[in-house]
Amino acid sequence: LRPMPSTRFVHTADWQLGLRVNFIPGDAGAVVRNERFATLRRIGTVARETQSEFVVVAGDIFEHHALRPETLRRAFDAMRDIGVPVYLLPGNHDPFTPDALYVGDIWRRECPPNVHVLGSQEPVVVREGVVLLPCPFLERHNLGDATEHLTPELGPAGHVRIGVAHGGIREFLERLVGPDEPINNAIPLDRATRARLDYLALGDWHGLLRIDDRTWYSGTPEATRFKEADPGKVLVVEIDAPGAAPRVTPHEVFGHAW
């Protein structure tokens, strides 16, 4: 009998590379901006030390699409050094639009071979036994549910099923807005159960947050402002087989405590 597939990977999100940090002037602001690239190298260290197969980044890799070429090249260097496949999900800050940096000349010419953009809703087989089910932003705001296409039938059978999405949990957002206000980028609380996911890797909330056993926000690995709750971490996720409960372990990677 073929052994059951298992996997170990790093879940991270909200890198916000290119963050201007305009509210911190002078040299201190430059130090904060530069630290984000050092943080990527610490993520690579976690991936290697835990023998993770790949890294998945659940949205907002970049603060915006108008990055200077030298900033993008620094990002390429840092992601290349991670040393394992890196899967990038476009979020609301860096959606997969016609003007996205993901389709620009520099990206086509210089993107490292270990970096892959999850630019469609098509399942991506990482290797036999492990599939990613992406929910990319194809415009800056998804008025509906970006995860609606995730169903139990989507993707090949017999694989560990990892959803990758960016947005807020609808049931949490409904407590924060009025009954008549639209809720953008909302994800149902029970999406992992509905879609028979083994794990749902979420981005958008900047602090570490467990929604349920199979649904987690990793938070931003490097804080972007003072008010964020529990940032500075990535998650190492281990799944023994399809249907098995994931084991999720936070690892600190931040360079600056705010």
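Everything here concerns the structure above.
Keep in mind that what you see is a predicted model, and the values were worked out from it rather than measured.

Draft legend 1. Summary view of the environment of Val-248. In this structure, Val-248 sits in strand β14 (residues 247–252). It is 9.1 Å that separates the C-alpha atoms of Val-248 and Arg-214, two residues lying 34 residues apart in sequence. Leaving out residues up to four positions away in the same chain, Val-248 has contacts with Tyr-199, Trp-216, Leu-235, Val-236 and Val-237.

Draft legend 2. Molecular detail of helix α2 (residues 69–82). In this model, α2 (14 residues) spans 20 Å end to end at C-alpha, consistent with the 20 Å of a helix rising 1.5 Å per residue. Regarding α2, the residues found buried are Thr-71, Leu-72, Ala-75, Phe-76, Ala-78, Met-79 and Ile-82. After α2 finishes, the residue Gly-83 shows a positive phi value of roughly 85°.

Draft legend 3. Summary view of unusual backbone geometry. Notably, Asp-14 is not glycine yet its phi reads approximately 55°, a positive angle. Tracing the chain through its elements places Asp-14 in the loop between β1 (7–12) and α1 (26–49). Residue Asp-14 is classed as buried on the basis of its relative accessible area of 0%. The backbone of Gln-51 shows a phi angle near 55°, a positive value even though the residue is not glycine. Turning to its location among the elements, Gln-51 is positioned in the loop between α1 and β2 (54–57). On the basis of relative accessible area, Gln-51 is assigned to the exposed category, the value being 63%.

Draft legend 4. Summary view of the packing of aromatic side chains. A full pass over the atoms with the stated rule returns 8 aromatic pairs. Centre to centre, the rings of Phe-9 and Tyr-199 are 5.8 Å apart; their planes meet at 75°, and the pair counts as edge-to-face. With a gap of 190 residues between them, Phe-9 in strand β1 and Tyr-199 in strand β10 (residues 199–203) connect regions that are remote in the sequence. Tyr-199 gets classed as buried once you look at its relative accessible area, which sits at 0%. Aromatic pair Phe-62 and Trp-107: ring centres 6.0 Å apart, planes at 85°, arrangement edge-to-face. Taken together, the positions of Phe-62 in the loop between β2 and α2 and Trp-107 in helix α3 (residues 105–110) put the pair 45 residues apart, joining distant regions of the chain. For Phe-62, a relative accessible area of 0% corresponds to the buried category. Among the residues examined, Trp-107 registers a relative accessible area of 6% and is labelled buried. One aromatic cluster is present, built from ring pairs that chain together Phe-62, Phe-76, Phe-96, Tyr-102 and Trp-107.

What counts and how
- Sequence order sets the numbering: in each chain, residues are counted from 1 along the sequence as written.
- Selection of residues for local features in this predicted model requires a pLDDT of at least 70, selection of side-chain atom pairs for listing and counting requires 80 or more, and totals for whole chains, interfaces and linings are taken over all residues.
- Only hydrogens and water are set aside; all other atoms, that is, all heavy atoms of the structure, feed into the side-chain values.
- Counting from the N terminus, the helices are the DSSP runs of H or I reaching at least four residues and the strands are the DSSP runs of E reaching at least two.
- Contacts are assigned to residue pairs that have any heavy atoms within 4.5 Å of one another.
- Between the first and last residue of a helix there are one fewer steps than residues, each counted as 1.5 Å, and that sum is the expected span.
- Burial classification: accessible surface area is computed with a 1.4 Å probe over protein chains only, and a residue below 20% of its type maximum counts as buried, one above 50% as exposed, and the rest as partly exposed.
- Note on ring pairs: Phe, Tyr and Trp rings are taken, using the six-membered ring of Trp, and paired if centres are within 6.5 Å. Classes follow the plane angle, with under 30 degrees stacked, over 60 edge-to-face and the rest tilted.

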